[in-house]
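# Analysis of the macromolecular model
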Amino acid sequence: MPTSQATDIFRASLFKTEEFTITFELVPGRGSGGKRLDDILRFAEEAREDGRIKALSITDNPGGHPALAPTSLGLDIKSLGIEPLIHFSLKDKNRNMAESQLFECHRHGLLNLLVLGGDYPRYGFHGQAMPVFDLDSPQLLTLIERLRQTLALEKMAPGGIMPLPAMDFLAGCVVSPFKTTEAEQVFQYAKLLTKVCAGAHFIISQLGFDMSKYQELLSFCRQNTITMPILASVFIPSIKVAEIMYQGKVPGIIFPESLVRLMLQEATSQDRGEEARLLRGAKMVAVLKHMGYAGVHLGGNNLDFSKIAFLLDQAEQFTKTANRQELCQEVDFPTPSTWYLFPESGQQKETHHKPSARFRANQQLHDSTFKPEGLIFPLARAVSLQADQNKQARGLYTFCEHLIKTILFRCRMCGDCTLAESSYHCPQSGCPKRMINGPCGGSLHGFCEVYPQERLCFWVKVYHSNPPSHPRELPNCPPLPPKDWSLQGTSSWLNYFAGRDHNKLNSEPK
Ligand code: SF4
C-alpha cells in the first residue's frame with residue numbers, strides 16, 4: 001500500500017481487507033457554477049455526514065466534451081471533508097501539461113487519481129478539439145510512479161539532475177471485462193497487466209451488467225496474482241440514459257437489450273421505475289460483495305444522496321438475507337454471443353490461433369535486419385551508421401525508408417518505430433488515439449470508438465495478425481515509453497541503429 005495519510009479515509013478503507021469500499025462518480029458538466037454544481041456539493045455534504053462513501057470521483061471532460069476541471073471541484077469537495085478521487089485523462093493534455101497538473105494536484109493535496117486515456121475529444125469552441133494522447137495510461141502511471149519516488153529527472157530537462165521531493169500519489173487504473181469479442185477482451189486484460197506493471201495501485205472496472213464477466217475479471221486477476229483492490233462499477237441509469245447506452249452512443253459501454261426492455265416495463269409504474277432501478281443497483285452491490293470485490297464504484301444520473309442512501313441500506317439487507325444465486329440471476333443481463341475468457345462447457349467454440357502470412361513475412365524480414373543475430377544485421381547496421389554521418393546520405397536514406405514504409409504500412413515517419421510491437425500495423429496511422437501500448441476502452445463489438453460500425457479497432461487487427469498461442473497466456477510487459485517528438489520526420493531505421501529510439505532503453509545496439 002502506498003504511504004497512507006492519517007486523514008485519507010479512502011486509502012484507509014481501500015487497503016483494509018475486511019472493509020468494503022464505496023465510491024461514487026460525480027460529473028461536473030460545462031460551466032463554473034449553477035444548480036448542477038450546487039446539487040453536487042449538497043450530495044457531497046450529505047455523503048460526508050452519512051460516512052459510507054469513502055471517495056467521490058470526479059470525471060475529466062467525459063465524452064470528450066469540455067467541463068469544469070476535476071481539480072476545481074475536487075478542492076471544493078475536499079474542503080467539505082470528503083476525499084476526492086480525481087479522474088486524470090490524457091486526451092487533451094500533452095506530457096508536460098500532465099506533469100504540471102500532477103504538481104498542481106500534489107500542491108493541493110489531491111493525491112488520489114484515476115488514470116485513464118479518455119474519450120476521443122468531441123465538439124468544442126469552433127468545432128472538434130484536437131486529440132492529444134501524447135501519453136497513454138500506462139505511460140502516465142510510469143510518470144506518477146517516478147514522481148512517487150525521489151528520482152532525478154533526465155539531465156536535459158530544465159531542473160534535471162535535481163531530484164524532486166517524493167509525491168505520495170495513489171493511482172488507480174480502469175479495465176473493461178465487458179468486451180464482446182476475443183481480440184478486444186484479451187487486449188483489455190493484456191493492457192491491465194501493463195498498467196499493473198507500470199505501477200497502478202488499484203483497479204476500477206468498466207460498468208456492465210453481465211455477472212459472469214464481473215466474475216471473469218476477478219478470476220483473471222487471481223490467475224495473474226494481481227492482489228491489489230478491485231472495485232466493480234455499478235451504474236444506475238435512468239431510462240433515457242439506458243436507451244442512449246443501448247444505442248452504442250457512449251464509448252465502450254455494452255448495454256443489454258433485455259435490461260432496456262425490463263426498464264421500459266418498469267417505467268409504466270407510478271414512480272416511473274425509480275425504486276426498481278435502485279433495488280437492482282442494491283442487489284448488484286450485494287452480489288459483487290459476495291463475489292469478492294474490494295468495493296463498488298457507484299454511478300448514475302438523477303440521483304440525489306437520499307436515493308443512494310436507500311440503495312446502500314437495501315444492499316446491506318440483501319447481503320445479510322438473500323439467496324446469493326437467486327440474487328445473481330435477477331441482476332444478470334448477459335449480451336448474446338459475448339466471448340468469455342473462462343467459458344462454461346459448450347458456451348463458445350475454441351478458436352484456432354495462427355499468425356497471418358503477412359505477419360510471418362514481416363517478422364522474418366524484421367528479425368534478420370534488426371536483431372543483432374539476424375543475417376542482414378551487420379550490413380544494415382554498417383550502411384546505416386555510415387549514412388548517418390552525412391547530411392545528403394541521411395536525406396536519401398530517409399526518403400527511401402519513407403517511400404517503402406508509406407506503401408507497406410502507411411508510415412507517418414514518427415522516427416521511433418513500434419511496428420514490431422503491433423504485429424506490423426502502424427499505430428500512428430491506424431489508431432486515431434495513436435495508442436502504442438494496447439487499445440483504449442472505447443471499442444464496441446470490435447469497432448473503433450471514433451468510427452463505430454465503420455472501421456475495426458486497430459488493436460483488433462493487430463490481434464488477428466498475431467494472436468497469442470492461448471488467450472489466457474498473456475505476456476506481462478512493461479509499457480513502451482512515450483515517443484520522443486524531436487524524432488518526428490526522421491528515419492526510424494537510422495534512429496534504431498544509432499541508439500536514439502525507444503530500444504536504447506532496453507538493449508543498446510552493439
Ligand atoms: S516509423 Fe512510426 S509512423 Fe512509421 S510505421 Fe513505424 S510506428 Fe508507424
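In what follows, the structure referred to is the one given above.
Attention now moves to the overall build of the protein chain. Counting its secondary structure elements, the protein chain contains 19 helices and 10 strands. The C-alpha radius of gyration of the protein chain comes to 24 Å, within 12% of the 24 Å expected for a compact globule of 510 residues. When the backbone C-alpha atoms are referred to their principal axes, the protein chain occupies close to 80 × 55 × 45 Å. Sorting the 510 residues of the protein chain into buried and exposed places 51% on the buried side. Carbon and sulfur atoms make up 55% of the accessible area of the protein chain, which amounts to about 24,300 Å² in all.

Glancing now at the site of the ligand. By nearness alone, every residue bordering the ligand is listed as Lys405, Cys411, Arg412, Met413, Cys414, Cys417, Thr418, Leu419, Cys426, Gln428 and Ser492. For the shell around the ligand, the residue count by class is six nonpolar, three polar and two charged.

Moving on, we come to the packing of aromatic side chains. Summed over all chains, the structure comprises 18 aromatic pairs. The interplanar angle of 50° and the centroid separation of 5.7 Å between the aromatic rings of phenylalanine 377 and phenylalanine 497 together place this pair among those described as tilted. One end of the pair, phenylalanine 377, is in helix 14 (residues 377–388); the other, phenylalanine 497, is in helix 18 (residues 492–497), with 120 residues separating them in the sequence. Comparing phenylalanine 377 with phenylalanine 497, the two get one shared label, buried. Among the aromatic residues, ring-to-ring pairing joins Phe370, Phe377, Tyr397, Trp493, Tyr496 and Phe497 into one connected group.

Turning our attention to the packing of helix 7 (residues 211–223) against helix 10 (residues 274–291). Axis angle and axis distance: for two packed helices, these are the angle between their axes and the distance between the axes, and together they describe the pair. It is the contact of helix 7 with helix 10, at a shortest axis distance of 11 Å, that shows an interaxial angle of 25°. Classified by the angle their axes make, helix 7 and helix 10 are roughly parallel. For helix 7 against helix 10, the interelement crossing comes out right-handed. Contact residues: helix 7 offers Met211, Tyr214, Gln215, Leu218 and Arg222, while helix 10 offers Met284, Val287, Leu288 and Met291. Residue composition of the contact of helix 7 with helix 10, grouped by class: seven nonpolar, one polar and one charged.

Mapped onto the elements of the fold, valine 383 is located in helix 14. Accessibility expressed as a relative area gives 46% for valine 383, which makes it partly exposed.

Moving on, we get to the pattern of salt bridges. Counted according to the given criterion, the structure contains 24 salt bridges. Between lysine 307 and glutamate 274 there is a salt bridge whose closest N-O contact spans 3.3 Å. Of the two residues, lysine 307 sits in helix 11 (residues 305–321) while glutamate 274 sits in helix 10, which places them 33 residues apart along the sequence. Look at lysine 307 and you get partly exposed, because its relative accessible area is 23%. Exposure remark for glutamate 274: the relative accessible area of 22% places this residue in the partly exposed category. Through salt bridges with shared partners, one network takes in Asp8, Arg11, Glu145, Arg148 and Asp168.

Moving on, we come to the pairing of strand 3 (residues 84–89). Successive residues of a regular strand alternate their side chains across the two faces of the sheet. Burial analysis of strand 3 places six of its six residues in the buried class, which makes it a mostly covered element. Across the two faces of strand 3 the burial is the same, with Pro84, Ile86 and Phe88 and Leu85, His87 and Ser89 all buried. Examined bridge by bridge, strand 2 (residues 53–58) and strand 3 share three bridges and lie parallel to one another. The partner of leucine 56 across the bridge, within strand 3, is proline 84. Taking the sense of rotation as the criterion, the β-α-β connection linking strand 2, helix 3 (residues 70–79) and strand 3 turns out right-handed. Pairing analysis gives four bridges linking strand 3 to strand 4 (residues 112–116), with the strands arranged parallel. Residue pairing for strand 4: isoleucine 86 is matched across the bridge by leucine 113. Considered for its hand, the β-α-β crossover made up of strand 3, helix 4 (residues 95–107) and strand 4 is right-handed.

Rules behind the numbers
Residues numbered from 1 in each chain as written. Predicted model: local features only at pLDDT ≥ 70, side-chain atom pairs only at ≥ 80, totals over all residues. Heavy atoms only, no water. Helix = DSSP H or I, 4+ residues; strand = E, 2+ residues; numbered from the N terminus. Rg over C-alpha atoms; globule rule 2.2 N^0.38 Å. Buried < 20%, exposed > 50% of the residue type's maximum accessible area, 1.4 Å probe, protein only. Areas by Shrake-Rupley, 256 points an atom, 1.4 Å probe, with all protein chains shown as cover. Near = heavy atom within 4 Å. Nonpolar A, V, L, I, M, F, W, Y, C, P; charged D, E, K, R; others polar. Phe/Tyr/Trp six-rings, centres within 6.5 Å; stacked < 30°, edge-to-face > 60°. Axes fitted to C-alpha atoms, helices over the stretch in contact; angles between N-to-C directions. Parallel < 35°, antiparallel > 145°, perpendicular 65-115°, else oblique. Left-handed = near helix turned anticlockwise from the far one by under 90°. Contact = heavy atoms within 4.5 Å. Salt bridge = Lys/Arg side-chain N within 4 Å of Asp/Glu carboxyl O. Pairing = 2+ DSSP bridges. Right-handed = clockwise from strand over helix to strand, strands pointing away.

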